[in-house]
Amino acid sequence: MANSKNLVSNGVRITGIGHYLPERIVTNDEIRPRLKYPEMHPAEKAVIGNIGVTERRRANEKETAQFMAAETSKMILKDAGKKAEDVDLFILANWTDRLYLPDLAPQASKLAGTSNSLAFDISTACTGFVHGVQMASAFLSSGKFKTALVIGSERFSVRTKMNGYGEFTAGDAAAGVLLEYTGNKEFGIIDSFLKDDGDLSKIIELGPGPNFYIKSYPELVTNAADLTLSAMDGLLKKNNVALEDIDWVIPHPGTDVVVQDVLKRTKFPKEKILFNFERVGNTSAASIPIALSEYYYKGIVKKGDLILSPAVGAGFYWGGLLYRL
């Protein structure tokens, strides 16, 4: 295996990190009395498992996807030591609040004060952060842009039927990073990929319009766990990186069943895998950056650490990032 210190990035580095959690905390004890059925349906049990979440956040009327993204951007820019007008690109990953028109990103950008940026939405569900970072890297590598905000901002609760067991897993939050083209090949995005498979598109569904709820099928679990592990193995093999070279794995969690299957089958030691799933639930495109941000501000994840972040999402998409912070 190659020495991880010799890994070469594309010169695009994460220079700022931040997140936003809605004010309201919802505990399991608050949800249980509202459940329509006392027992979980076997199909739900196959997807949700033992829940694995003790609390999650719920956005209020003020805490829109745009608002949460704007608040996140302020934290990110403060960490990076940048001003809002320094941002050239504002990519917002969101599927829970999508409209035909207009995009949410320009509204979030206005709230954030990033008046010089080109702002637009992307929507690849739970792989949104991977997608956004990969896309921003391409823009920044072109030489036409120097700085990019990539933020996942989701209100999973509005796409989950309340009074059902799915409410236990769904969380609202926003999180993201500032990417800059520094030209320094020692730090930054070493590799990224995103793939899709239309044959798997029906294992997670959502109808059109504002009043439809997500529906997952049992086949989701096997595919999500398999492709999460495949993304991890693929990035290691392609870049000739050994398990012990990776400082942290920060994956998208999905559901408790997926989490437990990945933990059971991965070769990585459990202490290297960072989740905050039990406290925030599945926050979709915000899941990876919110864990990155929380552990970064706790001083656990540090600049210079080598990180692997796999994700799977409805579509069906899977991919991952290998990066040195």
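Residues numbered from 1 in each chain as written. Predicted model: local features only at pLDDT ≥ 70, side-chain atom pairs only at ≥ 80, totals over all residues. Heavy atoms only, no water.

Under an unreviewed UniProt entry, the name given to the protein is 3-oxoacyl-ACP synthase, and the organism recorded is Leptospira hartskeerlii.

Q: Teacher, can you tell me more about the pattern of salt bridges here?
A: Close approach of charged atoms allows side chains with opposite charge to pair. Taken as a whole, this structure holds 13 salt bridges when the rule is applied. With a closest N to O distance of 3.0 Å, E71 and K74 form a salt bridge. With E71 and K74 both in helix α3 (residues 65-80) and 3 residues apart, this pair spans about one turn of that helix. Among the ionic pairs, E294 bridges to R279, the shortest N-O distance being 2.3 Å. Placement of E294 in helix α10 (residues 287-297) and of R279 in helix α9 (residues 277-280) is noted, with a sequence separation of 15 residues between them. (Salt bridge = Lys/Arg side-chain N within 4 Å of Asp/Glu carboxyl O. Helix = DSSP H or I, 4+ residues; strand = E, 2+ residues; numbered from the N terminus.)

Q: Even after reading the chapter, I still don't get the nonpolar core, so can you show me in this structure?
A: One recurring pattern in soluble globular proteins is that nonpolar side chains are buried together. With 42 residues, the main nonpolar core has I246, F268, L308 and F316 as its most contacted residues. Broken down by secondary-structure element, the contributors of at least two residues to this core are α2 (42-48), β8 (188-196), α7 (219-238), α8 (256-265), β12 (306-313) and β13 (317-324). Per-element tally for this core: the top contributor is α7, with 10 residues. Ranked by size, the runner-up nonpolar core spans 34 residues in total, among them I91, V133, Y295 and L325. (Core = buried A, V, L, I, M, F, W, Y, C linked by side-chain atoms within 4.5 Å. Buried < 20%, exposed > 50% of the residue type's maximum accessible area, 1.4 Å probe, protein only.)

Q: Got a minute to help me understand the side chain of R58 in this structure?
A: Within the secondary structure layout, R58 lies in strand β3 (residues 55-58). Engagement of the side chain of R58 in a polar contact is seen with the backbone oxygen of E167, the distance being 2.8 Å. (Polar contact = N/O pair within 3.5 Å; in protein donor to acceptor, adjacent residues only side chain to side chain.)

Q: I tried to follow the sheet that holds strand β6 (residues 147-155) on my own but got confused; where do I start?
A: Note on sheets: strands pair through backbone hydrogen bonds, and any given pair is parallel or antiparallel. Spatial ordering of the open sheet is given by β1-β7-β6-β4-β5, a layout of 5 strands whose pairing is mixed. Either end of the sheet is taken by a strand with one partner, and the two such strands are β1 (12-20) and β5 (118-122). The average angle at which neighbouring strand axes cross in this sheet is 20°, direction not considered. In the sheet, strand β4 (residues 89-93) pairs with β6 via 5 bridges, with the strands oriented parallel. If you follow L92 over to β6, its bridge partner there is I151. Against the sheet, α3 engages β1, β4, β6 and β7 (172-181), with an angle of about 130° to β1. Against the sheet, α10 contacts β1 and β7, and its axis sits at roughly 90° relative to β1. (Pairing = 2+ DSSP bridges. Axes fitted to C-alpha atoms, helices over the stretch in contact; angles between N-to-C directions. Contact = heavy atoms within 4.5 Å.)

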